[in-house]
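Tertiary structure, described
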Amino acid sequence: MKRRRGTDPDPDLGPEPEPERGCLRAWAAQSQAVIGRWTTARCGGETRRVCQQLRDELRELLRRIRGLPAALPALPLELTVLYNSLLFTVGASDSAIKGQAEGIRQGLLRVLEACGACGQDLGTEELWEKVLQEVTVEELQAPLHRLGALQAAWWLAASQLGSVAGLFQLLSAAEDLGRAHCSEGQNKLLSLIEAWRVPPEGASLPLVQSAKDLKEILCTAAAFLQGLQELEAGNFPTALSLLQEAAGGFCSKNILAQIYTCLGCCAQRMGKPQTALQHLKRALQVDFQCLPALSHVAAVYHDLGETDAELQALTLLYEALGKSPPAAASSSPCFLMRAELLVHTPVLTSLLRRRYPSEVKYLLAQRCLQDGRVTDAVEHYLDFLSLLQEGLQQQVPLDGSSALPRIPEVFLEAASALAQAGRHQDAITVCEEVISRTTDLIPRVLPVEERLEQPESSLPGAELAGGLLSQKKESLCCLAWRAAGYLHQGWAWAKLGESKEAVTQFSRCLSDLLRVQLHGSGIKQTENLQPEVEVLQKIRLLSLLGRGTQFLELGRNKEALLDFQHSLQISPGDPAAASYLVQALWKLNRKQEAAAQWQKFSQSCPAEGPSLCTWFHVWSRQCSLTVKLLPGAYRITSGQQPRTPQADLVISPVPIC
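Throughout, a residue's number is its position along its own chain's written sequence, starting from 1. For this predicted model, a pLDDT threshold of at least 70 governs which residues receive local features, and a threshold of 80 or more governs which side-chain atom pairs are given and counted, while totals over whole chains, interfaces and linings are taken from all residues. Hydrogens and water molecules were not included; the side-chain quantities draw on all heavy atoms of the structure.

Where helix H1 (residues 21–41) meets helix H3 (residues 75–93), the closest approach of the two axes is 11 Å, and the angle between their N-to-C directions is 25 degrees. Here H1 is positioned roughly parallel relative to H3, judged by the angle of their axes. In this structure, H1 meets H3 at a crossing whose hand is left-handed. Of the residues in H3, those touching H1 at Leu24, Trp27, Ala28, Ser31, Val34, Ile35 and Trp38 are Leu77, Val81, Asn84 and Phe88. All residues other than Ala, Val, Leu, Ile, Met, Phe, Trp, Tyr, Cys, Pro, Asp, Glu, Lys and Arg, Gly among them, are scored as polar; the first ten of these are nonpolar and the last four charged. Counted by class, the contact of H1 with H3 contains nine nonpolar, two polar and no charged residues. With axes taken as lines fitted to C-alpha atoms, and helix axes fitted only over the stretch in contact, angles between N-to-C directions fall between 0 and 180 degrees. A run of H or I in DSSP becomes a helix once it reaches four residues, and a run of E becomes a strand once it reaches two; helices and strands are each numbered from the N terminus. By definition in this entry, angles of less than 35 degrees are roughly parallel, angles greater than 145 are roughly antiparallel, angles of 65 to 115 are roughly perpendicular, and the rest are oblique. For any helix crossing, the convention is left-handed if the near helix is rotated counterclockwise from the far helix by under a right angle, and right-handed if that rotation is clockwise. Contact definition: two residues touch when any of their heavy atoms are within 4.5 Å.

This part is about unusual backbone geometry. Positioned with a positive phi, Ser159 is a non-glycine residue whose angle comes to about 60 degrees. Only protein chains enter the area calculation, which uses a 1.4 Å probe; residues under 20% of their type maximum are buried, those over 50% are exposed, and those in between are partly exposed. Looking at Ser159, the relative accessible area reads 31%, which means it is partly exposed. If you check the backbone angles, Asn589 has positive phi at about 65 degrees while not being a glycine.

Another aspect to go through is the pattern of salt bridges. It is possible for side chains bearing opposite charge to pair when their charged atoms get close. When a carboxyl oxygen of Asp or Glu is within 4 Å of a side-chain nitrogen of Lys or Arg, the pair counts as a salt bridge. Applying the stated criterion to the full structure yields 22 salt bridges. Taking the shortest distance from any N to any O, the salt bridge between Arg373 and Asp308 comes out at 2.4 Å. Of the two residues, Arg373 is situated in the loop between helix H16 (357–370) and helix H17 (374–388) and Asp308 in helix H14 (residues 307–322); the sequence distance between them amounts to 65 residues. On the accessibility criterion, Arg373 (26% relative accessible area) is partly exposed. One salt bridge connects Glu340 with Arg338, and the closest N-O pair in it is separated by 3.4 Å. For Glu340, a relative accessible area of 11% gives the class buried. Since its relative accessible area comes to 9%, Arg338 is described here as buried.

A separate point is the packing of helix H23 (residues 531–554) against helix H24 (residues 557–570). Between two packed helices, the angle of one axis relative to the other and the distance separating the axes together describe the packing. Closest axis-to-axis distance for the H23/H24 pair is 8 Å, and the angle between their directions is 160 degrees. If you check the angle between H23 and H24, you find them roughly antiparallel. When you trace H23 past H24, the crossing you get is left-handed. Counted together, Gln537, Arg540, Leu541, Leu544, Leu545, Arg547, Gly548, Thr549, Phe551 and Leu552 of H23 and Asn557, Glu559, Ala560, Asp563, Phe564, His566, Ser567 and Ile570 of H24 form the full contact between these two elements.

Once that is clear, we can look at H23. Helix span is expected to be 1.5 Å times the residue number reduced by one. In this model, H23 (24 residues) spans 35 Å end to end at C-alpha, consistent with the 34 Å of a helix rising 1.5 Å per residue. The buried fraction of H23 amounts to 19 of the 24 residues, a majority that puts the element mostly inside the structure. One or two positions beyond H23, positive phi appears at Gly555, with a value near 80 degrees.

With that out of the way, let us pick up empty space enclosed by the protein. For cavity detection a 1 Å grid was placed over the protein atoms alone, and a set of points counts as a cavity when a 1.4 Å probe fits there but cannot get out; an open set counts as a pocket when protein lies on both sides within 12 Å along at least five of seven lines, with lining residues being those that have an atom within 4 Å of a point. Grid points are joined across faces, edges and corners, and a volume is the space filled by probe spheres set on the points. Applying the stated rule across the entire model yields two cavities of 30 Å³ or more. One number sums up the size of the largest cavity: a volume of about 40 Å³. Counted as a void, the second largest cavity has a volume near 30 Å³. Forming the walls of the second largest cavity are Leu291, Pro292, Ser295, Leu317, Arg353, Arg354 and Arg355. With three residues, helix H13 (residues 291–304) is the single largest residue contributor to the lining of the second largest cavity. The residue makeup of the lining of the second largest cavity, split by class, is three nonpolar, one polar and three charged.

Here it is, written out as structure tokens:
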């Protein structure tokens, strides 16, 4: 007769009977059969489906075993079945599931139950301490150690490094503590894991993955994870040492390429670009599908100023992104628990972020424009605009992680490239798209304080005030984009010889800028204004200069003089405005004033001041590259607001002749 769990045994019935040896043999045979089927199927296809099936079989076997009260003779088999079922669960989901750690807890409680103890109220770490200190049965040591290694894997996946270190201190027997001693310069956690003696594997209780392999994986993952933490903290020498330790560990090609990529990024931050290139090239040799490494190669070449090599790397990256990736095969089909399943940190996600094709195409366009390769820049910008036809959300990450500026800014950059290539009509068309799409997003009057500061979150109404501030900044962005579009159009019409049309566009730009009403003291001093308003002031200056020059072309010298005088009010001492002011005075036959202004202007400049022709070319370059006046502070980044405002979503590509 079997007693129910929780009741006292009847002394007249004698000692509690052990589970039938026949049941133990049947259960062990079933467990061996499951592992045998996995050994046959693991190198074939559909390993995930096989894992799911074998996991379900072992779960059912474990349920039957636990249908009886916990008993010491059955515990080695029960804990082994638990170990294998948890590994099949990992293989079936291809991830380290935190919830599965509860299965280990139930196994530990069964061990305490068989020993006449309990630990329901203990936390996981306290439970492990109690089991390993109180349970001394020799037959249970190996199964418990294997479960401990699995527990360490889940704690590593959760970045609980202190818990992992404490567990391996418990797993190390008293005579092994000397082996786990960490000398100066050694990493404590890695020393503890390496000092752990792997329990022997019994032939009667086969394992789906040996504890020896699991130990190697834990060492690799621990070194990789700590290396990433040190990299994020800025401790680059320590990070480099740990990442090199991980690179020499037990891992798949996929994770090895990732480690080399991180080594390259670490070396780059240490100011060692050549070492960084060696690591990044090594990552690509190991796994060419590790495209983030190629992206970092381009970044290193950019820092070195090697534009040709950078453009070549970006071109290769764009071509690789356009190809269909190879069928996703298991990186290591023979191992269910792998290092890549245990290392998930924000810094790794950031370093290995896969770029969108549109981002790479934009970088190609931008680098070509900056290097003066205008023809190539135009082609890349037009390719970028065609990519957007496939849908903004498919081509541009909207989570703020993208290196892309706001979409209207890219349109303005494209217009700048088209203008420099002499395609002024196309530049006008692109700018018209920006102007028309932002028209309804700008209020008639936009009151702006001298400084827009984010209110403290602790203050009442701070959330509402912060929302209004973001909305006001967005309105300023839209206004600047629209005004810059008019400015580009004015310059394009001027290049086409259409002075009247150019004057019209410059005037529209100035009219739009009148919507901004500044409030606060010292608003006449540009250096005291917020960055957004500084950009608007610069656009105003260039528009006045542009309209003034076209007035001179039309013979409207008095109106030109007024524009140049207003330019100097905005930016006192501006060389272009001063030189054009002299020219306007001279044409108005106010030669004495012109001579006085020229003398004043020459004294404020270096000896041999530049000629009017020189300043004309300076101003021309400023106008054609107006978009460069939109600084990073002007853009709405992920730290301020998500990348989903209307101004991004409403811009769509237009056909370019």
